[in-house]
Amino acid sequence: MTIEITTTKGQKNLTGCALGKKYRRNYHIDDFDDSDEIVFIHFSPKVFSLNYDFFKTMFGPSMKKLGPKFSTHYQFHSGNKMRDHISEFITKFQIQEQYV
């Protein structure tokens, strides 16, 4: 299954915990955590960037729940720079969780 992440109201950047929480709820990410299928996350070309707080709030609960399986359960598709940032965000989250 595929989830298309896009922006609203001409917004180009996805930032902040509040927006991440809103997107998690609106896209029903909790339901996808329990799915047996691979979930493809596609960021629309309208999304120019996202920050760590947004990503952590949208996908952090999934990373905690799924552990190492997160990276195989959720497959991210976006431009090269955004894909690099997502990879860095996942690594950063995993490192922070080890020391909490």
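Cut-off values and rules
Residues numbered from 1 in each chain as written. Predicted model: local features only at pLDDT ≥ 70, side-chain atom pairs only at ≥ 80, totals over all residues. Heavy atoms only, no water. Helix = DSSP H or I, 4+ residues; strand = E, 2+ residues; numbered from the N terminus. Rg over C-alpha atoms; globule rule 2.2 N^0.38 Å. Buried < 20%, exposed > 50% of the residue type's maximum accessible area, 1.4 Å probe, protein only. Contact = heavy atoms within 4.5 Å. Areas by Shrake-Rupley, 256 points an atom, 1.4 Å probe, with all protein chains shown as cover. Lys, Arg positive; Asp, Glu negative; His and termini not counted. Charge placed at Lys NZ, Arg CZ, Asp CG, Glu CD. Polar contact = N/O pair within 3.5 Å; in protein donor to acceptor, adjacent residues only side chain to side chain. Patch = residues over 30% accessible without salt bridge, like charges linked within 9 Å, V, L, I, M, F, W, Y side chains within 5 Å. Salt bridge = Lys/Arg side-chain N within 4 Å of Asp/Glu carboxyl O. Pairing = 2+ DSSP bridges.

J.: If you had to explain the overall build of the protein chain to someone new, which residues and values would you point to?
T.: From N to C terminus, the protein chain includes five helices and five strands. Of the regular secondary structure in the protein chain, the N- to C-terminal order runs β-β-α-α-β-β-α-α-β-α. Computed over the C-alpha atoms, the radius of gyration of the protein chain is 13 Å, within 12% of the 13 Å expected from 2.2 N^0.38 for a compact globule of 100 residues. With the C-alpha coordinates aligned to their principal axes, the bounding extent of the protein chain is approximately 35 × 30 × 25 Å. Across the 100 residues in the protein chain, those meeting the buried criterion constitute 39%. Residue pairs at least 24 apart in sequence account for 77% of intrachain contacts in the protein chain once pairs closer than 6 positions are excluded. Carbon and sulfur atoms form 54% of the exposed surface of the protein chain, whose accessible area is close to 6200 Å². Of note, the protein chain has its 14 positive side-chain charges centred 8 Å away from the centre of its 11 negative side-chain charges.

J.: I'd like a rundown of the side chain of Arg 24, residues and numbers included.
T.: Position of Arg 24 relative to the elements: it lies in helix α1 (residues 17-26). Under the relative-accessibility criterion, Arg 24 is labelled buried at 8%. A polar side-chain atom of Arg 24 sits 2.6 Å from a polar atom in the side chain of Asp 30. Beyond its immediate stretch of four places on either side in the chain, Arg 24 contacts Ile 29, Asp 30, Asp 33, Thr 57, Met 58, Phe 59, Pro 61 and Ser 62.

J.: How would you summarise a positive patch on the surface if you had to cite specific residues and measurements?
T.: Taken together, the side chains of Lys 9, Lys 21, Lys 22 and Arg 25 present a region of like positive charge at the surface. Structurally, Arg 25 can be placed in helix α1. Classification of Arg 25 by relative accessible area gives exposed; the value is 53%.

J.: Give a detailed account of the pairing of strand β5 (residues 74-77), specifying residues and quantitative values.
T.: Residues Tyr 74 and Phe 76 of β5 are buried on one face, while the alternating residues Gln 75 and His 77, pointing to the opposite face, are not. Strand direction decides the pairing type here: strand β3 (residues 39-43) and β5, joined by four bridges, are parallel. Residue pairing in the sheet places Val 39 in a bridge with Tyr 74 of β5.

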